[in-house]
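# Secondary and tertiary structure notes
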Amino acid sequence: MTLSFFDQFMSPTLFGIPLIALALSLPWILFPTPSSRWLNNRLLSLQGWSISRFTQQLLLPLNLGGHKWAVILTSLMLFLITTNMLGLLPYTYTPTTQLSLNLGLAVPLWLATVIIGLRN
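All figures in this text were calculated on a predicted structure; none of them were measured in a lab.

This part is about the overall build of the protein chain. Within the protein chain one finds four helices and two strands. Of the regular secondary structure in the protein chain, the N- to C-terminal order runs β-β-α-α-α-α. In the protein chain, buried positions account for 16% of the 120 residues. For the protein chain, the proportion of contacts with a sequence separation of at least 24, taken over those separated by at least 6, is 47%.

In structure tokens, the structure reads:
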């Protein structure tokens, strides 16, 4: 197998499907979907319980002003967990090793906190 120096920058694929697409679509599967039934099934109950426990543990050290960031922090954590789980698949790497993904997530959040801090 002949590899070049630039093969390390290629997007990892599994059966021809880019794994970043899998990482972006997997959190949507984890969010519960509303139903018209009176009682939820086991999957919806488990999803609701896990998301409520996750947000409770995430917001525990924050004051009440920081609770506005709950949705952003929860979605960011779910995204990071799913992308890092891709590293467990054989012949793949985690997309968070790329500097572009880390900077793409860090700079807007840092800039938002700085602008909101200056505004307040």
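Below, the discussion takes up the UniProt feature "transmembrane region" (unreviewed entry) in the protein chain. UniProt records the feature "transmembrane region" (unreviewed entry) for residues 12-31, 69-93 and 99-118 in the present numbering. Split by type, residues 69-93 is 64% helix and 0% strand. Its first and last C-alpha atoms lie 29 Å apart.

Among the structural elements, Thr97 can be located in the loop between helix H3 (70-85) and helix H4 (99-119). A sequence separation of 13 residues divides Thr97 from Asn84, and the C-alpha atoms of the two residues are 9.4 Å apart. At 2.8 Å, the side chain of Thr97 forms a polar contact with the backbone oxygen of Thr94.

Right, let's get into the environment of Pro95. Tracing the backbone through its elements, the reader meets Pro95 in the loop between H3 and H4. The class for Pro95 is buried, based on a relative accessible area of 11%. The residues touching Pro95, leaving out its near neighbours within four places in the chain, are Ile20, Thr83, Leu86 and Leu101.

Our next topic: the confidence of the model for the protein chain. Across the protein chain, the average pLDDT comes to 78, with 88% of residues at 70 or higher. Per-element averaging of pLDDT across the protein chain places helix H1 (residues 19-30) at the bottom with 72 and H4 at the top with 89.

A contiguous nonpolar surface patch, about 530 Å² in accessible area, is contributed by Trp110, Leu111, Val114, Ile115 and Leu118. By the secondary structure assignment, Ile115 is in helix H4.

The rules we used
- Residues numbered from 1 in each chain as written.
- Predicted model: local features only at pLDDT ≥ 70, side-chain atom pairs only at ≥ 80, totals over all residues.
- Heavy atoms only, no water.
- Helix = DSSP H or I, 4+ residues; strand = E, 2+ residues; numbered from the N terminus.
- Buried < 20%, exposed > 50% of the residue type's maximum accessible area, 1.4 Å probe, protein only.
- Contact = heavy atoms within 4.5 Å.
- UniProt positions renumbered as here; feature names shortened; annotations may be inferred.
- Polar contact = N/O pair within 3.5 Å; in protein donor to acceptor, adjacent residues only side chain to side chain.
- pLDDT = per-residue confidence, 0-100.
- Patch = residues over 30% accessible without salt bridge, like charges linked within 9 Å, V, L, I, M, F, W, Y side chains within 5 Å.
- Areas by Shrake-Rupley, 256 points an atom, 1.4 Å probe, with all protein chains shown as cover.
- Salt bridge = Lys/Arg side-chain N within 4 Å of Asp/Glu carboxyl O.

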